[in-house]
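# Coordinate analysis (summary)
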Amino acid sequence: MHLEGSCHCGSVKFSVDAHEPVPFMRCYCSICRKTAGTGGYAINLGADHRTLRVTGKRYLRIYQATIQEGDELRHSSGQRHFCSRCGTALWLWDPSWPDLVHPHAGAIDTPLPTPPENVHCLLNSKAAWVRVEGHKGDPRFGGYPDFSLAEWHAQRGLTSGTAPSKTPNKNKRK
């Protein structure tokens, strides 16, 4: 599915072909929640990085989160792109999976398909004020689910187009 997206102020516009366009997974981790979350979570899509076209690149900035693992701090390899003028979170790209890009559903202007369910992940790091909403029976995970964006779409016959050659098996903290 071809997607068009933009920031709030219109300084950055982008297009990308998404093979996983259904906005089904809500991530409640502190990074997503604080950089792109509106209801205490963010929703990322799966797309082919090779098809990403951007105008307004001069307004793009990249944030790489610091992650604490035990007593160690490390920088995330995930590069969160945002507009320097209005702050809109646009997409995440990680060199660990160079063929993939994860646009934020909230930055997409193209009408997206309605998901048949919502999957709630990283609930163990959900903010206390956040109420998990959705449908009765929505899958919920304290950490990452045991399936990837690609697997979820494929199992439901919702994959659009050709997926990049290297799709990660599992979702990992970026």
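In what follows, the accompanying structure is described. Note that the structure is a prediction, hence the values are computed from the model and not measured.

We now examine unusual backbone geometry. Backbone geometry places Leu 122, a non-glycine residue, at a positive phi of 60°. You can see Leu 122 is positioned in the loop between β13 (119–121) and α2 (149–155).

A volume near 180 Å³ is recorded for the largest pocket. Along the walls of the largest pocket sit Ala 36, Thr 38, Tyr 41, Ala 42, Ile 43, Thr 88, Ala 89, His 104, Ala 105, Gly 106 and Ala 107, which together make up its complete lining.

Summarising the element assignment, Asp 138 is placed in the loop between β13 and α2. Nearest to the buried, unbridged Asp 138 among oppositely charged side chains is Arg 140, at 5.7 Å. A polar side-chain atom of Asp 138 sits 3.3 Å from the main-chain amide nitrogen of Asn 118. Setting aside residues up to four positions removed in sequence, Asp 138 forms contacts with Glu 117, Asn 118, His 120 and Glu 133.

Pairing geometry for strand β8 (residues 66–69) and strand β9 (residues 72–75), over four bridges, is antiparallel. The residue bridging Ile 67 from the neighbouring strand is Arg 74, located in β9. Joining the antiparallel neighbours β8 and β9 is a turn of two residues, in which Gly 70 adopts a positive phi near 70°.

Quick look at the environment of Ile 43 now. Tracing the backbone through its elements, the reader meets Ile 43 in strand β4 (residues 42–43). Setting aside residues no more than four positions away along its own chain, Ile 43 makes contact with Pro 23, Phe 24, Met 25, Arg 26, Pro 103, His 104 and Ala 105.

Our next topic: the pattern of salt bridges. Enumeration over the complete set of coordinates arrives at three salt bridges. Asp 48 serves as the salt-bridge partner of Arg 50, at 2.9 Å between the closest nitrogen and oxygen. With a relative accessible area of 48%, Arg 50 lands in the partly exposed category. Glu 69 serves as the salt-bridge partner of Arg 74, at 3.2 Å between the closest nitrogen and oxygen.

Thresholds applied
Residues numbered from 1 in each chain as written. Predicted model: local features only at pLDDT ≥ 70, side-chain atom pairs only at ≥ 80, totals over all residues. Heavy atoms only, no water. Helix = DSSP H or I, 4+ residues; strand = E, 2+ residues; numbered from the N terminus. 1 Å grid on protein atoms, 1.4 Å probe; cavity = no way out; pocket = protein on both sides within 12 Å on 5 of 7 lines; lining within 4 Å. Points joined across faces, edges and corners; volume = space filled by probe spheres on them. Buried < 20%, exposed > 50% of the residue type's maximum accessible area, 1.4 Å probe, protein only. Lys, Arg positive; Asp, Glu negative; His and termini not counted. Salt bridge = Lys/Arg side-chain N within 4 Å of Asp/Glu carboxyl O. Polar contact = N/O pair within 3.5 Å; in protein donor to acceptor, adjacent residues only side chain to side chain. Contact = heavy atoms within 4.5 Å. Pairing = 2+ DSSP bridges.

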